[in-house]
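# Observations on the three-dimensional arrangement
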Amino acid sequence: MSIIINKVSKKFGNFQALENVSLEVKDHKLVALLGPSGSGKSTLLRAIAGLESLDSGSIVINGRDTTHVDVRKRNIGFVFQHYALFKHLTVRQNIAFGLEIRKYTRQYAKQKVEELLELIQLQGLGDRYPSQLSGGQRQRVALARALAVQPQVLLLDEPFGALDAKVRKELRAWLRRLHDEVGMTSIFVTHDQEEAMEVADEIVVMNNGRIEQVGSPAEIYDHPATPFVMSFVGEVNVLPTSARLFRDRLSSNGNGNFNPLNSQIFVRPHDFKIQLHADGSNTGATVQRILRLGRDIQVELALPDDLTITAHITQEQFARLNLQLGQQVFVKTRNAKLFSESSIGQSWTKIGDRLAV
């Protein structure tokens, strides 16, 4: 079921939660609303569900304008962060709750519950109560309860936020498989960039009640549309255009389409190349700190113009370079992105080994 959100706005007192937001979610897609606290992502999700009224704009689900339709008549499945299970009901009774409210036959409800118990891989636990389950199991029950009534759309508000890292990672993979099996249009809210990148077909990055960018995980990471997107999705070094690392390339190109005072250069840690010798295109640096991050090594480097950068290299590269604290090395960028005041929200210019500004 497709969802079309057209110029929606919502205020809470003087706080602009949503401002002229437009978005299309296509059939059978799993879409992540990603952003920091207060960005408007949960408000948008609740508006789609009918749990929040809008000041202006419209929401169309499967060709039907549902802007003013009662939440109970939208056929939306909603999963909350803290499960919202009924403590006095068993797993089976929790899953069957919506079916009973809608007056399905007892036989149909029983059959559906057993199908869903198998789908969420909790066969044999149907007679337990929520307090007898782990956090991950409770969240699966909440998902099964939302799916029981066969909703048009499944909405999830930070569904794994209350779980520990290991369980959260396991459930992310499970949700992706579940979505592919059920084939439903789903939208989930998260502030976890890794979660959005791993699970979603499409990511909607939100900030201050607006959409900054919509795209696939690869597009969001590799081709960020704004400085906010690049800073929020993945680690990044932010450097002034006056940095010696870029000064020669910026000035020699003769491009005057940006104001250096209102421009910054963004470089991912893995886009720095550390070398042991000068080659005329790199800049001297001093190794200040070395950290092991699993398979990667994080190296903090001091540049000669009182700037510090963070680079990530593999263990193999680290062993080959034999880096030591205080060692003098040379650094260059494989890829960098320049954002100027005039380009924010429009486009970015790549500077690197092949292309200068």
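Scroll up a little and you will see the structure.
The structure displayed is predicted, hence computed values, not measured ones.

A tally of helices and strands in the protein chain yields 10 helices and 19 strands. Principal-axis analysis of the C-alpha atoms places the extent of the protein chain at approximately 80 × 45 × 35 Å. For the protein chain, the residues scored as buried account for 48% of the 357 residues in total. When the accessible surface of the protein chain is summed, it comes to about 17,700 Å², and 47% of that surface belongs to carbon and sulfur atoms.

Moving on, we come to the pairing of strand 12 (residues 263-267). Among the five residues of strand 12, four are classified as buried, and the element is accordingly described as predominantly covered. By the bridge criterion, four bridges tie strand 11 (residues 237-240) to strand 12 in an arrangement that is antiparallel. Along strand 12, the bridge assignment pairs V238 with F266. In terms of strand pairing, strand 12 meets strand 18 (residues 335-340) through four bridges, oriented antiparallel. The residue bridging F266 from the neighbouring strand is K337, located in strand 18.

This paragraph deals with the side chain of T66. Turning to its location among the elements, T66 is positioned in the loop between strand 5 (64-65) and strand 6 (76-79). Note on T66: relative accessible area 2%, which makes it buried. The residues touching T66, leaving out its near neighbours within four places in the chain, are I59, I61 and R74.

Here we take up helix 1 (residues 41-49). For helix 1, the tally of buried residues reaches seven of nine residues, placing the bulk of the element in the interior. With its phi angle positive at about 95°, G50 sits one or two positions after the end of helix 1.

What follows covers the pairing of strand 14 (residues 283-293). Sheet topology note: the strand 14/strand 17 (residues 328-333) ladder contains four bridges and is antiparallel. When the sheet's bridge partners are listed, A285 is paired in strand 17 with V329. One ladder, built from seven bridges, connects strand 14 with strand 15 (residues 296-302); its direction is antiparallel. Bridge pairing in strand 15 links V287 to L301. In this structure, the hairpin formed by strand 14 and strand 15 is closed by a connection of two residues, where G294 is found at a positive phi of approximately 65°.

Cut-off values and rules
Residues numbered from 1 in each chain as written. Predicted model: local features only at pLDDT ≥ 70, side-chain atom pairs only at ≥ 80, totals over all residues. Heavy atoms only, no water. Helix = DSSP H or I, 4+ residues; strand = E, 2+ residues; numbered from the N terminus. Buried < 20%, exposed > 50% of the residue type's maximum accessible area, 1.4 Å probe, protein only. Areas by Shrake-Rupley, 256 points an atom, 1.4 Å probe, with all protein chains shown as cover. Pairing = 2+ DSSP bridges. Contact = heavy atoms within 4.5 Å.

Keep in mind that these numbers describe shape and distance, not what the molecule does.
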